[in-house]
Amino acid sequence: MGQIKVIKGDITKVKADAIVNAANTTLMGGGGVDGAIHRAAGPALYGACEKFHGCPTGEARITGGFNLPAKFIIHTPGPVWHGGNSNEDQLLANSYHNSLTLADQHLCETVAFPSISTGVYAFPLERAAEIAIKTIKKFLLTAQIVNEVTMVCFDEKTFAAYQQQIY
Ligand code: ADP
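Everything numeric here is computed off the predicted structure, so don't read it as measured data.

**Q** Just to check I follow, could you spell out the overall build of the protein for this structure?
**A** A count of helices and strands for the protein gives 5 helices and 6 strands. Its helices and strands in sequence order give the protein the pattern β-β-α-α-β-β-α-β-α-β-α, from N to C terminus. The C-alpha atoms of the protein give 14 Å as radius of gyration, which agrees with the globular expectation for 167 residues (15 Å, within 12%). In terms of overall dimensions, the protein has C-alpha extents of about 40 × 35 × 30 Å along its principal axes. The buried share of the protein, taken over its 167 residues, is 51%. Considering only residue pairs separated by 6 or more positions, the protein has 69% of its internal contacts joining residues 24 or more positions apart. For the protein, the accessible area works out to roughly 7900 Å², and carbon and sulfur atoms hold 53% of it.

**Q** Hey, could you run me through helix H1 (residues 32-41) in this one?
**A** Because each turn of an α-helix spans 3.6 residues, side chains separated by three or four positions end up pointing in the same direction. Residues of H1 that are buried: Asp34, Gly35, Ile37, His38 and Ala41. Angularly, the buried residues of H1 cover 165 degrees about the axis, an arc narrow enough to put them on a single face. Seen from the open side of H1, the exposed residues pointing more than 90 degrees away from its buried face are Gly32 and Arg39. Note on H1: the residue one or two positions beyond its end, Gly42, has a positive phi of about 100 degrees.

**Q** When you look at the packing of aromatic side chains in this model, what are you seeing that I'm missing?
**A** Given two aromatic rings, one states the distance between the centres and the angle between the planes to describe the pair. For the coordinates displayed, the defined rule picks out 2 aromatic pairs. Ring geometry for Trp81 against Phe123: centres 4.8 Å apart, planes inclined by 65 degrees, an arrangement best described as edge-to-face. Residue Trp81 is found in the loop between strand S4 (72-77) and helix H3 (88-105), and its partner Phe123 is found in the loop between strand S5 (110-113) and helix H4 (125-142); the two are separated by 42 residues along the sequence. Since its relative accessible area comes to 2%, Phe123 is described here as buried. Between the aromatic rings of Tyr96 and Phe113, the centroid separation amounts to 4.7 Å while the plane-to-plane angle is 40 degrees, which identifies the pairing as tilted. A residue pair is termed long-range when its members are at least 10 positions apart, and Tyr96 in helix H3 and Phe113 in strand S5 qualify at 17 residues. Neither residue differs from the other here; Tyr96 and Phe113 are each classed as buried.

**Q** Would you mind showing me how to read the UniProt feature "domain: Macro" (unreviewed entry) in the protein here?
**A** Residues given the UniProt feature "domain: Macro" (unreviewed entry) here are residues 1-167. Within the segment residues 1-167, helix and strand shares are 38% and 19% respectively, and the terminal C-alpha atoms sit 16 Å apart.

**Q** Would you mind going over the site of the ligand with me for this structure?
**A** The full set close to the ligand counts 16 residues, and Asp10, Val33, Ser117, Gly119 and Val120 are the nearest of them. Residue Ile11 places a main-chain N or O atom 3.0 Å away from a nitrogen atom belonging to the ligand. Take Gly119: an N or O atom from its main chain is 2.8 Å from an oxygen atom of the ligand. It is H1 that contributes the most residues to the shell around the ligand, 3 residues altogether. When grouped by side-chain class, the residues that make up the shell around the ligand number 8 nonpolar, 7 polar and 1 charged.

**Q** Quick question: what am I supposed to make of the sheet that holds S5 here?
**A** Sheet strands associate in pairs through backbone hydrogen bonding, adopting either a parallel or an antiparallel arrangement. What the 6 strands build is an open sheet, ordered S1-S6-S5-S2-S4-S3; its pairing is mixed. If you trace the sheet from one side to the other, it starts and ends with strand S1 (3-8) and strand S3 (61-64), each paired once. Here the strands of the sheet are splayed against their neighbours by 25 degrees on average, with no regard to which way each runs. Sheet topology note: the S5/strand S6 (residues 148-153) ladder contains 4 bridges and is parallel. Paired with Val111 across the two strands is Val149, which belongs to S6. H3 rests against strand S2 (18-23), S3, S4, S5 and S6 of the sheet, and its axis sits at about 155 degrees to S4.

The rules behind the values
Residues numbered from 1 in each chain as written. Predicted model: local features only at pLDDT ≥ 70, side-chain atom pairs only at ≥ 80, totals over all residues. Heavy atoms only, no water. Helix = DSSP H or I, 4+ residues; strand = E, 2+ residues; numbered from the N terminus. Rg over C-alpha atoms; globule rule 2.2 N^0.38 Å. Buried < 20%, exposed > 50% of the residue type's maximum accessible area, 1.4 Å probe, protein only. Contact = heavy atoms within 4.5 Å. Areas by Shrake-Rupley, 256 points an atom, 1.4 Å probe, with all protein chains shown as cover. Arc of directions from axis to C-beta. Phe/Tyr/Trp six-rings, centres within 6.5 Å; stacked < 30°, edge-to-face > 60°. UniProt positions renumbered as here; feature names shortened; annotations may be inferred. Near = heavy atom within 4 Å. Polar contact = N/O pair within 3.5 Å; in protein donor to acceptor, adjacent residues only side chain to side chain. Nonpolar A, V, L, I, M, F, W, Y, C, P; charged D, E, K, R; others polar. Pairing = 2+ DSSP bridges. Axes fitted to C-alpha atoms, helices over the stretch in contact; angles between N-to-C directions.

So, in structure tokens, the structure goes:
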């Protein structure tokens, strides 16, 4: 079975086969990690994203990596936290599952995720970390190609929350 790693760092610098972008439903860029990925990948990424005409929450779309060290970028809009009774948990699990499915279909062995929905979208961090790690573990049981999934945490608090979930 594949392995899960948790590191602290900037996902735009990670040399994985695919990195995941915590996008919004327009897929046309935004703040946080989305803005950082678009800046680092370069303007051609907008052209590639435009063709999708958006993406529903929990689904995922794939583009090339352009100027990033990663080969592919998988864009998934995570759920906005509305208090927990709007299917947020399932939608967050869908973002991880659907991103990993696309990675597997594109023959990616290594995949890196940011902490989806726990920034501007305000999903509670511990709850998000538990869902993320559970969903990744479950996926790795039947993955064909993906064999290493790294959570790339931007700050110490996020790093601690995911680190706690992998043991
Ligand atoms: P969302 O809208 O899904 O909540 P955000 O981008 O606001 O997405 O935040 C998601 C997480 O990504 C937060 O933990 C934020 O600190 C983190 N983040 C921001 N920039 C980067 C980066 N360059 N690499 C990795 N994580 C990042």
